[in-house]
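Close look at the chain arrangement
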Amino acid sequence: MAGRPEVPDRLSAAAVVVQAPQSHSPGDPFPPTVPWPGAAAEDLSRRLAGLSGVAAAIADRSFYAQAVIDGRPSKSSVEGHGWSSARLGGVRLVAGEPPQRSGEVVVDRALDVRPGGAVTLLTAVGPVTYTVTGLTDSPGYLVADSVAARLAPGVQAIGLVLQPGADARAVASAASRIVGAGATVLTGDARGALEPRDDARTRWIGMQVLTGVAALAGFVTVFVVASTFAFTVAQRRRELGLLRAVGATPRQVRRMVYGEALLVGGVGAILGVVTGAAVAPAVGRSLVDAGFEPATYEVRYTALPMLAGLLSGPLVALAGAWSAARRAARVRPLEALREASVEQRPMGRLRWITGGSLITVGVALAVGAATSRDASDGASFALYSAMALVTGMVAVAPAVIPPIVRLWRLPLRRGSGAVGLLVRQGARTSARRTASTAAPVLLTVAFAVLVSGMVRTSTAAYAVGRQADVAAGRVMVPDRTPGLSDAAVSAVAGSAVLPTTVFTTDRRAWSGLGVDPDAFTRTDRAVRVNVGALAGLRGADTVVVTESARAGVGSLWPVTFADGQRVGLRVVGVVADGSIRGDVLLSRTTVREHDPSALTAAVHLSGAGTSGVSAGVGARVIDVAVWADEADSAEDRLVWLFTLMLIAVSAGYGAIAVANTLLMAARGRAPDLRVVRLAGATRRQVAGFVAAESALVVLVGTVLGGLVAFGALLAIRAGLSEQIGAPVPLVVPWPVIGGVISLCLLLALLAGVLPTRRMLHAPALRLPQVDQ
């Protein structure tokens, strides 16, 4: 268990923390708290400081600050606080003295600046030179409390430092009576709720990654176990027939297959839990390095996940063996005893009905994905479509394998002779065996093509949409900073978007965009005004809302800003939902007045000669096409890494399943190989025959899996093109898909040829006269 949030280091010395009221937002799992106004927070701090056992109650204020080293922003820390907040995290002053007035700062000693020296801090207004008065043993920048109150007028947390021996629970109970029902009093591990939103979001992404990998592993495992047991039952039909002949009932046969599944699943679960516990720390470090978990991520061992792992093994094995057990119970004694090696009925009625129904459902879902106007719904439809089509294709595979083998007939004819004939006829007459062996390849290839193609195509579609929405040739974007300062924005002409968050009376968080209405109208092609006009967005008390706000033009829309101030805004326009990259539009001046630390996301440059524009500190100018590709590059990188992890899990299971089934098949091939040798085949020809069979299995799985996946991908592309209103390219990462197919082919050849070579050197198959 490692998904539990960590208590921030800068609040570790505050045994009790009072958090501002929590907001809610339908589109954000981690909405911010509704801040208190500075005056209200200071008054509440004085009341909390009077509680018994409280040594100090400190309003924690945070604002954007980033050191500029050699002309470029340093990535070491991007947050500043008031000097009083140092006490909340146990920060020690190791040299110099605290800041007393404006223009003074205490910095981390790792910054390599001596007291009395100067340091340039990039703030929301631009680069500002500060005098270093002291050094601490922790990252961050500490300024005078009066300066922090100006840069961060809103307060989201008040930390309580307790006297030695004070009871944290008693203090928390007393604090709850003071703050009332709106705020939250946190103690112990519950203070982890105060971790930075970026860390919380990263931790949430990591949990989604682990959950997705676990879910995929469960699905693929059931699929693989089902294919393996189906193949095993087909291999043991005569043995099962003999058991039935000596009196075994169908129920006893089912219980035997279930018992074998429980034994294999139990042993596998124990080995899996032990192996998982051993590699967990290394996997945890990899997750942190990849960006799926914050730096505070720790791997902890608890009993519940291990118990779940021990139980999931047998349950997954039983689920996979269910169909095979029912098929084994239907084996009739006389039928099994006189059965020839040629399959008499590869497709039963139930299998036709099941496969046809699943394929029909999959096609219907693919149509839904192609016509959906919502990206998330389209992706869900496509994924469900692929799952239904994959399962349906596996069900009808024995019927479609013979046509595929006929298509492979010409390549096999040239120089293949009797070996090619044996491969063709063996695959056609043992279609069910070939289908069982090809099923893992089908699943692996279909999943790899679908998921990788869906991610790459969606990324390209979003880039096309961003570029189509902006009427600008070049864009100024942040460089090594979380946003652009006012100094960088004022140096160029264009449309600047200043994001902030506002809160309505029901504590709902709304994403606000501070814009200049004229510049925004010139450069943003996507905005669709339903009522009113953006031109009215000039006064400090005006707002343009989306349809979801359910507010009409002229109505009063009260909100709370980042500084904790509640202001009644007058609605001057209503735009269509989804036509802006936020919830409301505000005047840029209004946003800056109430959110001193807000940073501009980007500036869409306008006018002639933009190619010669020079960027300021923490900014760079790029073409709009490059901006469209890079806008979500960090998120796209995580999504692609997650995709590769899923593909690796799927490919690993699929390749192992292919090798496993071929190894099991090799054990029963000795009589067949002996007949081939007696017919005059050389050892090389026999090995080539087995290799060709293995390659055919991979080919069949690749063709069927590719058909399923490409059908779903075409539906996804059609849906994305419909949503964006522009052609979307179909992007397929062929190197990834080629690697998956090559892995399956390599393991299939090794699993087929190596046992054959050993059997060829066995006394029963050693026929020297044939090689002469």
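Bear in mind that the values here come from a model prediction, so they are computed numbers and not experimental data.

This part covers the pairing of strand E18 (residues 542–546). The side chains of a regular strand alternate, first on one face of the sheet and then on the other. Within E18, 5 of the 5 residues are buried, which leaves it mostly tucked inside the rest of the structure. Pairing of E18 with strand E20 (residues 566–575), which is carried by 5 bridges, proceeds in the parallel orientation. The partner of Val544 across the bridge, within E20, is Gly573. For E18 and strand E21 (residues 584–587), the ladder comprises 3 bridges, and the chain directions are antiparallel. Each residue of the ladder has a partner; that of Val545, found in E21, is Val584.

Turning to the pairing of E20, a few remarks are in order. In this sheet, E20 lies alongside strand E17 (residues 529–532) in antiparallel orientation, the contact comprising 3 bridges. Directly across from Val531, in E20, lies its bridge partner Val574. Here 5 bridges tie strand E19 (residues 556–560) to E20, and the two strands are oriented antiparallel to one another. By the bridge assignment for E20, Pro558 is matched with Gly568. Hairpin geometry of E19 and E20 is characterised by an intervening segment of 5 residues between the two adjacent antiparallel strands and by a positive phi of about 85° at Gly564.

What follows deals with the sheet that holds strand E2 (residues 54–60). With respect to topology, 4 strands assemble into an open sheet ordered E2-E12-E1-E13, the strand pairing being antiparallel. The sheet terminates laterally at E2 and strand E13 (184–187), the two strands that pair on one side only. When the angles between neighbouring strand axes are averaged without regard to direction, this sheet yields 20°. Looking at chain direction, strand E1 (residues 16–19) and strand E12 (residues 157–162) are connected through 4 bridges and run antiparallel. If you follow Val17 over to E12, its bridge partner there is Gly159. Its contacts with the sheet place helix H1 (residues 38–49) against E1, E2 and E12, and it is angled at close to 165° to E2. Sitting on the sheet, helix H3 (residues 168–179) is in contact with E1, E2, E12 and E13, with an inclination near 170° to E13.

Here we come to the nonpolar core. Counting residues in hydrophobic clusters, the biggest one holds 36 residues, and the most contacted among them are Phe292, Val390, Met393, Leu442, Phe447, Val700 and Leu704. Every element with two or more residues in this core is listed here: helix H4 (197–235), helix H6 (250–290), helix H10 (375–407), helix H13 (431–469), helix H18 (633–667) and helix H20 (683–724). Those residues in contact with Leu442, other than ones at most four positions away along the chain, are Val390, Met393, Val394, Gly701, Leu704 and Gly705.

On to the confidence of the model for the chain, then. With 87% of its residues at a pLDDT of 70 or more, the chain has an overall mean of 83. Low pLDDT, under 50, characterises residues 339–344; the predicted model gives this stretch 11 contacts beyond four residues in sequence or across chains.

With respect to the secondary-structure elements, Thr123 resides in the loop between strand E9 (118–122) and strand E10 (127–136). A relative accessible area of 6% places Thr123 in the buried class. Here Gly126 takes part through its backbone oxygen, which lies 3.0 Å from a polar atom of the side chain of Thr123. The contact partners of Thr123, leaving out residues within four places of it in the chain, are Tyr64, Val128 and Ser485.

Rules used throughout
- Each residue is numbered by its place in its chain's sequence as written, counting from 1.
- Side-chain atom pairs in this predicted model are given and counted only at pLDDT of 80 or more, local residue features only at pLDDT of at least 70, and totals for whole chains, interfaces and linings cover all residues.
- Neither water nor hydrogens contribute to the side-chain values; these are computed over all heavy atoms in the structure.
- Relative accessibility thresholds used throughout: buried, under 20% of the residue-type maximum; exposed, over 50%; partly exposed, between the two (1.4 Å probe, protein chains only).
- Helix and strand assignments come from DSSP, with helices taken as H or I runs of at least 4 residues and strands as E runs of at least 2, each series counted from the N terminus.
- A strand pair is defined by DSSP finding two or more bridges across the two strands.
- Between the N-to-C directions of two axes lies an angle of 0 to 180 degrees, each axis being a line fitted to C-alpha atoms and, for a helix, fitted only over the stretch in contact.
- The contact criterion used throughout is that any non-hydrogen atoms of two residues lie within 4.5 Å.
- Each nonpolar core is a collection of buried residues, namely Ala, Val, Leu, Ile, Met, Phe, Trp, Tyr and Cys, held together in the definition by side-chain atoms within 4.5 Å.
- The predictor reports its confidence for every residue as pLDDT, a score running from 0 up to 100.
- Here a polar contact is taken to be a pair of N or O atoms separated by no more than 3.5 Å, where protein atoms must pair a possible hydrogen donor with a possible acceptor and residues adjacent in sequence count only if both atoms sit in side chains.

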